[in-house]
Every structure is written in C-alpha cells, then in structure tokens.
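# Descriptive analysis of the structure
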Amino acid sequence: VLRMTQPSTVLSIFAMFLHTTFGESGCTSADGDGTLGDDEPDNFDIDCFSQLDIKDPFSSLTCNFTELPPHNTNYTLSLCTKEDNKYTCDNMKKQEDAYFLQFTDILSNRDLCMFSETKRRVCRSLVLTQIVKPEVPFAINITYQREANEYLIRYRTPHSGKKYLEGKLMHQVAYRQKEGTWKIIESPHHHVRLLGQNLENNASYEVKVRSQPNGEFFKGTWSEWSTSKSFRTAREQHSRESYSSVVTITLSILGFMLCIVMIALIIIFWENRIKPAVWPNLPDHKKTLEKLCKKPKNNFDISFNPESFGYVHIHKVDGIRAKAELENFLQPSIAPETSLPEKFWKGSELKMIPAMTDKSNLNLSVTYGGIWPAEAPHRLPGTSQFAVTEGNCSSSTYEVCHGNRVPPQNSGGSNVSSAPPLDPSGQPSPELPNDDTVSQMLPNSEMRSSNNEEAYVTMSSFYRIQ
Amino acid sequence: NPDFFRSTLPVLPLLLVLSPVNSSSCTMENKTTEIRVKYENILIHDINELVNISAQNRDRCCKNKKHENIKVFFCNDTQEIESLQRMACNMLRFFHKERVSKAFRWKAAFVSCGTLQILKCKCEGHRKEK
C-alpha cells in the first residue's frame, strides 16, 4: 500500500502543476501578447492599408516600408492570426517595393509580423477595418445646366454594388482653373454642383475626385486621385448677366425719374387742377356769375356818369317811351317785397325783380326795346328799381356788366341814364327824349340805340337783390 | 482502514485534473453593441448572399429526406449568443457535405466563421474549418 501511495501522490502533484501551467488560457509568453518565441518591440517602420472586397470575396492588404531595412538582410512579412494558442500566418507577396496579400476574413484581429533570417520575429497588431483605403473613383462627367447656371459633376466609385463600402464613403472633389489653386468640395453623394457665378466665363477648368471611409465603422485614408477631367465654362453667361444688369439699372433709373416727375407735377398742379377735381369747391354764385360776365374791353367805357359820355354821340332809339318809367325811377326806393308781376314780351319773358336800393345806390339801368303790353305802364313799379334779366328775347342781346365795379354814386337819383320813353300802349315812343329827360328816366342808366335790346345790370346790384 | 484512505486520497486531485473542464465558449458576453455594429457592417452582407444562394437551391438537399428529420435551430430567450454559436457550429458541418453546392458550402462556412469570430466563440468538439 505504501508503494501505491507514493507514486499516486507524485502523479497528482505533477498533474496539478500541469493543469495550472497549461490551462484553458493557453500558452502565454512572458510578454503577454501571445506570440511565440522571443519578441522584440515593434520598431519596424511600415505603412499598410487594406482594400475591402477588391475582388469578391477577397480583400487585400498592402504594406510599404517607410524605412527600408538593411539590404543585406532577408526578411519576410506575414499576416498572422492567433487561434487556439497557435499562430496561423500567411506570407505576403513582394511586388516591387510593396508587400501584398489577399484574404477573406476581415473580422479577426490580425498581427503583421516580420521574420528575419535570424528567426527573429517582430509583430504589430492590425485592425483591417481601421486602415481601409478605398479604390479610385472613375467616370467623371460634367454637365452644364443652363437654366440654373450650374455645373453638375458626377462620378462613379468601384465600391458601388459591393458589400462593405457602398454608401459608407466620403468623396472629395477638387477643381481649379488652369494652373490655378485647387478648391475642394466634399460630398457623401456621387455628384456635386458648381455655381456658374463662382466660375469665370469661357475659361478652362479641371476636376478630380478621391474617396475616404466616412468613419462611422470603417476608417482609413484617402484613395488616390482620379484622372483629371477638363471642361470649359460657358461664354454667354457673362453677357447675359451684364445684359440683365444693364436692363435692371436702366429700368431703375427710369422709374426713379418718373417718380420725381410725378411728384413735381402733383405739387405744381395741386392747387389749380388736382384739388378742385378731387375736392370741388362749393359753387359761389357770385363768382360763378362773375365768370359769366364778359370782361369789358379795355377801351370799353363803362361809366354811369353822364358827364363822362359827353363826347358820345347818343342815338335815338325809336319806339321807346320811358316817361312813365322815369317817374318810377326818380322816386325813392320802396320796400323790396313789392312784387312785380312778370311782364311778357312778344316772344320773350321779362322778369322784374324789385331791388332794395336807395338813391345813393341807384346803379341799375335798364334799356330795352320792343313792344310793351298795354298794361305794362301801369304795372311798372313806380318807386322801385328792378333788375331785368334776359328771357328768351329773340331780338335782343343782353350784356351784363361786371358786378365788381363800384357803381357810380347817384346824387339824389338825378343821374339817370337815358331810357327810351314808353307809350302807354307799350310801344316805344318815337320821340327822342332830350338828354335831361333821358337822364332822369332811370338812375344810372344808359340808352343804347339799336333794335337789339340790351340790359346792363351790375353784378353787385344783382347780388344785393338776391 | 487508514491505509485505504491514504491510498485513495491522492486520487482526488487527479480526478480534479482529469475531469472535463468547461471551456469558455464565448467571450463577447454583455458586448451587444460591438456585436451589433460588426453584424450590421460586415456579416449581414454575407448572410444575404447565403440566403440568395439557398433560395436558388431550395429543397435540393432535402428531396429524399423526411421532414421529421430536419433539424430546426431555435433562438432561446436570453441565450441569443449561445443559440448563435450552436447554429454556426452546426452550419459548419455542411462544409464537408459534398452533396451541397460548393458555393453554398463556402458561403455557409464563411458566415459561420464570421459569426463565431464576432461572438468570439468556439465550437465544442468541432474543428473550425477555414
């Protein structure tokens, strides 16, 4: 029994030692990165990028030494995967100055290891989805949109339709005038627009495009620039713009001048034409009647002073008898409410309106010709003056004197203008009254010799009558 | 008998050593965000291609088989990762079925390996085919 106990004890202790040493955690090295053998710090300068889905289902890894190792040493670059405590490495192929490898698994964590001739291995970790370099865009197409005055730049990328990078790229468009500085536009889409107003007319431009992962999941570097595409801007856009600007300026100036002219016209014609039309004044009968008056001629002698007409040859007016009327005119003025009947002439209508006047204001003179009715002399007012306005006397013409004129003062009513005497029958007297008689017939009256009957009424007396 | 205990007691450590150790199948537990991001950006494209290939070869491998022998993979609640691991490991068995089209086998293996890689799982008792 003692012999069996001792070997079993030793065996169990040895098994426990192995279990703790070679546990599920696998083999571990002193540096803890899982690499086998002696490891050195990753001090080799190398630049790598991955290209996903370059040829379905393969992706690729390309590495370049930024600092070449000594020429006399042979070395091997390998892409290794740690699995089940073992390293599985794939050697990269050397193509000129670069190392290239195709693979399908982009999810695993990889290590890039360099093996030298002395069996020394230097490794550095790689995350293939963080060093993605997209493929170069191609098929740049530039279209000028005349209506919008824009240049539409469209391009294509090889990743369209592929698995991983479709819709996950940011594109950069560079354009410049010939030999000028580059200008950059970035877009996640497959097109950009250049405004025509920002470009020179009839000039030559060139455009190029490149891509980069947008950084949401895939990260990496810019692709190589695409081949440049040249285009020439339109020639007409400048002339069109200049033409439109000239038209705009011209119309603006004309409109401004028109406004100035309109304002000036309004100011000038405001009082005389515009305001009366818009706000017509209430008719003033005095002014209205004044307007009806004809202005006397400059040489027209208007005076009710018989002495001033001493040189005037007074013609006898036949058929007018004014003796009865003279008596009436010579009498003082009576109350104006004495109404006078209307008198009718042959074919005419004569209105007689009494006027409140006194001797000092006798400025009413009436001369008329025609055939009075039989009762006319009895009805004629004896003490009042009357104003005669024209009816529809076909054989008479009337003149109404200005009312503005101050009627001459009458001295006791003796200054009476001549008036043709009247028959009781109404027929004008054939006799020519003498000057005195005539002068007493009517105060401030005149005699006109003609078949045409004329009446002179001062506007001021007419105004007073009213 | 004290001699009996002295002889059998050291065997216990041996039992402890030789007893099967539960392998940690998946190490991506409680990292659902990282799993989802990798699925949405990488694995989903390969799964879509696998579905298209299987649609082209529908029922081809099941012509002469009875329906009750078809295995169905269930995704248990709160055991999504284990369910995915089980599915991926079972799908790896197609790789050796020569009756299945080569394109389907390769794509199925690719999806299985990608799934296990994202979940950081291993198949128990199976070798992962590359």
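Above this text is the structure in question.
Residues numbered from 1 in each chain as written. Chains lettered and ligands numbered in written order. Predicted model: local features only at pLDDT ≥ 70, side-chain atom pairs only at ≥ 80, totals over all residues. Heavy atoms only, no water.

### Notes on the pairing of strand β8 (residues 121-126) of chain A
Residue and element names in this part refer to chain A. Bridging between strand β7 (residues 110-116) and β8 involves six bridges; their strand directions are antiparallel. Opposite cysteine 113, over in β8, you have cysteine 123 as the bridge partner. Hairpin remark: β7 followed by β8, antiparallel, with four residues in the connecting loop; positive phi at lysine 119, about 65°. (Pairing = 2+ DSSP bridges. Helix = DSSP H or I, 4+ residues; strand = E, 2+ residues; numbered from the N terminus.)

### Some points on the nonpolar core
In globular proteins that are soluble, nonpolar side chains generally tend to be buried together. Among the nonpolar cores identified, the biggest contains 41 residues, and Ile46(A), Leu61(A), Cys63(A), Leu77(A), Met92(A), Leu112(A) and Phe218(A) are the most heavily contacted of them. Per element, the largest residue contribution to this core is four residues, and it comes from helix α5 (residues 102-119) of chain B. Apart from the residues within four sequence positions on either side, Leu61(A) is in contact with Cys48(A), Phe49(A), Ser50(A), Leu79(A), Met92(A), Tyr99(A), Phe100(A), Leu101(A), Phe103(A), Leu126(A), Leu128(A) and Ile131(A). Listed in part, the 16 residues of the second largest apolar core include Val173(A), Tyr175(A), Val192(A) and Ala234(A). (Core = buried A, V, L, I, M, F, W, Y, C linked by side-chain atoms within 4.5 Å. Buried < 20%, exposed > 50% of the residue type's maximum accessible area, 1.4 Å probe, protein only. Contact = heavy atoms within 4.5 Å.)

### Some remarks on the state of the cysteines
Disulfide: a covalent bond formed between the sulfur atoms of two cysteine residues. The tally for this structure, following the rule as stated, stands at four disulfides over all chains. The residue that forms a disulfide with Cys48(A) is Cys63(A), at a sulfur-sulfur distance of 2.0 Å. Taking the torsion about the S-S bond as the criterion, the Cys48(A) to Cys63(A) disulfide, at about 115°, is right-handed. One end of the pair, Cys48(A), is in strand β1 (residues 46-55); the other, Cys63(A), is in strand β2 (residues 58-65), and 15 residues separate them in sequence. Cys63(A) matches Cys48(A) in its accessibility class, with the two residues each being buried. Each sulfur of the disulfide joining Cys89(B) and Cys123(B) lies 1.9 Å from the other. (Disulfide = S-S within 2.5 Å.)

### Looking at the sheet that holds strand β15 (residues 229-232) of chain A
Residue and element names in this part refer to chain A. One open sheet accounts for four strands, arranged β12-β11-β14-β15; its pairing is antiparallel. A strand with exactly one partner marks an edge of an open sheet, and here the two such strands are β12 (183-187) and β15. Geometrically, the sheet is characterised by an average inter-axis angle of 30° between neighbouring strands, direction not taken into account. The pairing of strand β14 (residues 204-213) with β15 spans four bridges and is classified as antiparallel. Among the inter-strand pairings, valine 207 is bridged to a residue of β15, identified as lysine 229. (Axes fitted to C-alpha atoms, helices over the stretch in contact; angles between N-to-C directions.)

### Thoughts on the packing of helix α3 (residues 32-56) of chain B against α5(B)
Residue and element names in this part refer to chain B. Two numbers describe how α3 lies on α5: the axes approach to 9 Å, and their chain directions differ by 165°. Considering the angle they form, α3 stands roughly antiparallel to α5. Two packed elements cross with a definite hand, and for α3 against α5 that hand is left-handed. Every residue of α5 that contacts α3 at Ile35, Lys38, Tyr39, Leu43, Asp46, Ile47, Glu49, Leu50, Ile53 and Ser54 is listed here: Ala103, Phe104, Lys107, Ala108, Phe110, Val111, Gly114, Thr115, Ile118 and Leu119. When its residues are assigned to classes, the contact of α3 with α5 shows 13 nonpolar, three polar and four charged. (Parallel < 35°, antiparallel > 145°, perpendicular 65-115°, else oblique. Left-handed = near helix turned anticlockwise from the far one by under 90°. Nonpolar A, V, L, I, M, F, W, Y, C, P; charged D, E, K, R; others polar.)

### With respect to the packing of helix α4 (residues 80-91) of chain B against α5(B)
For any two helices packed against each other, one specifies the inter-axial angle together with the distance between the axes. All names here are of chain B. Where α4 contacts α5, the two axes come as close as 9 Å, and the packing angle between them is 150°. Considered as vectors, α4 and α5 are oriented roughly antiparallel to each other. α4 and α5 meet at a crossing whose hand is left-handed. Here Ile81, Leu84, Gln85, Ala88, Cys89 and Met91 of α4 lie close against α5, whose contacting residues are Ala108, Val111, Ser112, Thr115, Leu116 and Leu119. For the contact of α4 with α5, the class distribution of residues is nine nonpolar, three polar and no charged.

### Quick notes on a nonpolar patch on the surface
Taken together, the side chains of Val247(A), Ile249(A), Leu251(A), Ile253(A), Leu254(A), Phe256(A), Met257(A) and Ile260(A) make up a nonpolar region of the molecular surface, amounting to roughly 790 Å² of accessible area. Tracing the backbone through its elements, the reader meets Leu254(A) in helix α2 (residues 236-278). (Patch = residues over 30% accessible without salt bridge, like charges linked within 9 Å, V, L, I, M, F, W, Y side chains within 5 Å. Areas by Shrake-Rupley, 256 points an atom, 1.4 Å probe, with all protein chains shown as cover. Salt bridge = Lys/Arg side-chain N within 4 Å of Asp/Glu carboxyl O.)

### Topic: α5(B)
End to end, α5(B) covers 26 Å across 18 residues, agreeing with the expected 26 Å (1.5 Å per residue, within 8%). In terms of residue burial, α5(B) counts as a mostly covered element, since 13 of its 18 residues are buried. (Expected span 1.5 Å × (residues − 1).)

### Things to note about the sheet that holds strand β13 (residues 191-195) of chain A
All names here are of chain A. Strand order in the open sheet made by the three strands is β9-β10-β13, with antiparallel pairing throughout. A strand with exactly one partner marks an edge of an open sheet, and here the two such strands are β9 (138-145) and β13. On average, adjacent strands in this sheet sit at an angle of 20° to one another, irrespective of strand direction. In the sheet, strand β10 (residues 150-156) pairs with β13 via five bridges, with the strands oriented antiparallel. The residue of β13 that forms the bridge with isoleucine 153 is valine 192.

### Observations concerning the pattern of salt bridges
All names here are of chain A. Counted according to the given criterion, the structure contains 10 salt bridges over all chains. Residue glutamate 206 pairs with arginine 176 through a salt bridge whose shortest N-O separation is 2.7 Å. Of the two residues, glutamate 206 is situated in strand β14 and arginine 176 in strand β11 (residues 169-177); the sequence distance between them amounts to 30 residues. Owing to a relative accessible area of 11%, glutamate 206 belongs among the buried residues under this scheme.

Keep in mind these numbers describe shape, not what the thing actually does.
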